[in-house]
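Fold and contact review
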Amino acid sequence: METTQIQDGKLGKTIPIPSVVFVLGTADWHKWIYPFLTSPAYCTTVVVSGAAGPETAPGIARIIKQTELDTDARAEAILAEAPDAVVVLPHQDSLVEDTALGQRLATISGLRVITTSIDAARCGTEKIYMKEAFDRLSIPTPSYFSHEQPEFRDGEMLFYPAYLKRSADHEGKGNLLVESRQDYVNAITEFLNGNLSAYFEELVEGEELSVVVAGTPGSICVLPPVYKGIACAGADHPARRFRFCSPDHRAVEDAADLYRYGEAIIEHFGTGGLIEVEAVRRGSGFCVLEVNMRLAATLRMSMLASGINVLSWLGQQALTPGIGKPKPGEKRYVCEFPVKPQYDAMSVKHVGSLDYITTTTRFTVHAASKCGLVHNVREVVGILGDTELLDRVKELT
């Protein structure tokens with residue numbers, strides 16, 4: 001446990017600072033996520049899977065890189081740091097392993113551990129299980145048939161256009177659009193290819209958005225929605241679209257139903273940490289596509305927009321269960337678009353040097369006002385020479 005000196009009635013009085021270990025599931029997040037893990041309230045240690053990433057980072061006491069995947073060995077290495085609390089933030093690629101680690105730590109250590117529950121993690125690896133949970137909780141979701149239902153096998157009573165999806169796939173990977181029964185008949189054998197854990201899902205067209213809900217049962221924090229453009233047949237994957245997030249309270253009110261669904265998932269599964277609810281607007285409500293029990297790229301945008309650091313708040317909540325909701329800081333208007341392969345390397349480097357840009361596989365642009373955001377995007381367009389982005393700027397105005 002770290003100690004420090006503070007002035008608290010008696011100059012030089014030494015008090016202990018609690019220690020929080022954050023378990024990150026992937027090195028891919030290191031570039032932008034580290035500053036959000038620190039707090040004056042605790043000393044931060046970070047544990048990552050794999051050998052990639054930096055050895056040190058500002059405000060981080062220690063970075064531990066674990067290449068050993070044995071759950072017990074990983075848990076023992078973390079306990080050797082003598083932390084007061086642990087927060088597990090899985091990535092999709094290590095969701096099962098990170099969840100097992102979090103549950104093991106909670107079982108053997110007596111620490112306060114915020115982690116994904118086993119049943120919640122199943123939603124990320126078995127999408128049919130996730131859809132069945134939606135049904136139990138009366139969360140609206142696109143109509144679907146699992147591989148076990150007769151409608152799936154003959155394709156006669158299905159609705160088109162629709163998607164064929166494998167239960168274990170995620171982030172839209174492997175989804176196959178079928179627009180007629182003949183498409184279905186032509187594709188189904190090769191699509192299954194021995195994997196019978198699949199389902200057929202209605203295509204819902206409309207505005208797509210995501211919200212992040214953070215916390216534990218009985219204590220949650222919500223972040224403003226990220227608007228991802230129009231979902232329709234032939235549309236780009238959401239990760240390749242122009243995305244926008246506003247700090248306007250009307251945006252939060254607009255997504256009120258999604259926050260309720262996210263809270264219901266947290267309560268139902270007894271899970272903790274972060275979840276992302278992805279949905280498409282249908283009529284006056286929403287149709288939930290999926291929930292992700294992991295770190296999500298939309299988190300970066302929604303934290304910037306709200307001025308709320310939910311990661312630091314989770315660290316404090318791990319130490320002091322039941323603390324109040326975090327207070328927002330400076331709010332920003334935020335948009336994001338992919339770094340395309342055709343961009344000139346020097347232009348990308350130039351854009352990345354701007355103080356209102358965060359660069360990962362996407363450019364995240366922010367400003368204190370919507371007019372400022374439009375100005376900043378236009379400056380980026382001028383550097384990159386990507387005139388297609390000008391249409392997106394018009395949408396902002």
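Residues numbered from 1 in each chain as written. Predicted model: local features only at pLDDT ≥ 70, side-chain atom pairs only at ≥ 80, totals over all residues. Heavy atoms only, no water.

Take the overall build of the chain next. Counting its secondary structure elements, the chain contains 14 helices and 20 strands. Excluding contacts between residues fewer than 6 apart, the proportion of contacts in the chain whose partners are at least 24 apart in sequence is 63%. (Helix = DSSP H or I, 4+ residues; strand = E, 2+ residues; numbered from the N terminus. Contact = heavy atoms within 4.5 Å.)

With respect to the secondary-structure elements, Ala100 resides in helix H3 (residues 95–108). Here Ala100 falls in the partly exposed class, since its relative accessible area comes to 27%. Measuring from C-alpha to C-alpha, the distance between Ala100 and Ala75 comes to 9.8 Å, with 25 residues separating the pair along the chain. (Buried < 20%, exposed > 50% of the residue type's maximum accessible area, 1.4 Å probe, protein only.)

Below, the discussion takes up the pattern of salt bridges. Within the structure shown, the criterion is met by 22 salt bridges. Here Asp98 ties to Arg74 by a salt bridge, and the two come within 3.5 Å at their closest N and O atoms. You can see Asp98 sitting in helix H3 and its partner Arg74 sitting in helix H2 (residues 71–79), a full 24 residues away along the chain. Look at Asp98 and you get buried, because its relative accessible area is 0%. (Salt bridge = Lys/Arg side-chain N within 4 Å of Asp/Glu carboxyl O.)

This part takes up the sheet that holds strand E10 (residues 176–178). Strand pairing in a sheet relies on backbone hydrogen bonds. The paired strands run either parallel or antiparallel. Ordered by their spatial adjacency, four strands build an open sheet running E8-E11-E9-E10, and the pairing between neighbours is antiparallel. Of all strands in the sheet, those bounded by a partner on one side alone are strand E8 (144–146) and E10. Ignoring which end each strand starts from, the neighbouring axes of this sheet average 25° apart. The pairing of strand E9 (residues 162–166) with strand E11 (residues 198–202) spans five bridges and is classified as antiparallel. Residue Lys165 lies in a different strand from E11, and its bridge partner there is Tyr199. Against the sheet, helix H5 (residues 127–136) touches E8 and E11, its axis set at about 50° to E11. Strands E9, E10 and E11 of the sheet are contacted by helix H7 (residues 181–192), whose axis makes an angle of about 10° with E9. (Pairing = 2+ DSSP bridges. Axes fitted to C-alpha atoms, helices over the stretch in contact; angles between N-to-C directions.)

For the rest of this paragraph, the subject is the confidence of the model for the chain. Of all residues in the chain, 92% have pLDDT values of 70 or greater, and the mean over the chain is 88. The low-confidence segment residues 1–7, where pLDDT is below 50, has 20 contacts with residues more than four positions distant or belonging to other chains. (pLDDT = per-residue confidence, 0-100.)

Quick look at the nonpolar core now. The biggest cluster of nonpolar side chains holds 32 residues, and the ones touching the most others in it are Leu24, Tyr34, Leu37, Leu89, Leu274, Leu299 and Val310. Of the residues forming this core, the biggest block, five residues, is contributed by helix H11 (residues 310–319). When near neighbours in sequence (up to four residues on either side) are disregarded, Leu274 contacts Leu89, Val212, Val213, Ala214, Asn292, Met293, Arg294, Leu295, Leu299, Val310, Leu311 and Leu314. Of all hydrophobic cores here, the second largest spans 27 residues; its members include Cys123, Ile139, Val213 and Val291. (Core = buried A, V, L, I, M, F, W, Y, C linked by side-chain atoms within 4.5 Å.)

This part takes up the side chain of Thr271. Along the chain, the position of Thr271 falls in the loop between helix H9 (256–269) and strand E16 (273–282). What makes Thr271 buried here is its relative accessible area of 2%. Once residues lying within four places of it in the same chain are set aside, the contact partners of Thr271 are Thr115, Thr116, Ser117, Ala120, Gly215, Thr216, Pro217, Ile265 and Ile266.

Over its 15 residues, helix H13 (residues 370–384) runs 21 Å from end to end, which matches the ideal 21 Å to within 8%, given 1.5 Å per residue. Listed in full, the buried residues belonging to H13 are Leu373, Val374, Asn376, Val377, Val380, Val381, Ile383 and Leu384. Following H13 by one or two positions, Gly385 adopts a phi angle in the positive range, close to 70°. (Expected span 1.5 Å × (residues − 1).)

This part is about the packing of aromatic side chains. The final tally for this structure, using the stated rule, is 11 aromatic pairs. An angle of 80° between the planes, with centres 5.6 Å apart, marks the rings of Tyr160 and Phe200 as edge-to-face. Taken together, the positions of Tyr160 in the loop between helix H6 (150–154) and E9 and Phe200 in strand E11 put the pair 40 residues apart, joining distant regions of the chain. Assessed through its relative accessible area of 0%, Phe200 is described here as buried. Among the aromatic residues, those joined into a cluster by ring pairs are Phe145, Phe159, Tyr160, Tyr184 and Phe200. Over the ring of Tyr129 we find Arg122; its NZ or CZ atom is 3.7 Å from the centre of that ring. Here the guanidinium or amino end of Arg136 rests over the ring plane of Tyr129, the centre of that ring lying 5.9 Å away. (Phe/Tyr/Trp six-rings, centres within 6.5 Å; stacked < 30°, edge-to-face > 60°. Lys NZ or Arg CZ within 6 Å of the ring centre and 35° of its normal.)

Turning our attention to the side chain of Lys131. Inspection of the secondary structure puts Lys131 in helix H5. Here Pro142 takes part through its backbone oxygen, which lies 3.1 Å from a polar atom of the side chain of Lys131. With residues near it in sequence (within four places) discarded, Lys131 still touches Thr141, Pro142, Tyr144, Tyr199 and Glu201. (Polar contact = N/O pair within 3.5 Å; in protein donor to acceptor, adjacent residues only side chain to side chain.)

The five strands are arranged E5-E4-E3-E6-E7 in an open sheet whose pairing can be described as parallel. In the strand order of this sheet, the two ends are held by strand E5 (60–66) and strand E7 (112–114), each with one partner. Across the sheet, the mean angle from the axis of one strand to that of its neighbour is 15°, orientation sign disregarded. Sheet topology places strand E6 (residues 85–89) next to E7; three bridges connect them, and they run parallel. Bridge pairing in E7 places Ala85 opposite Arg112.

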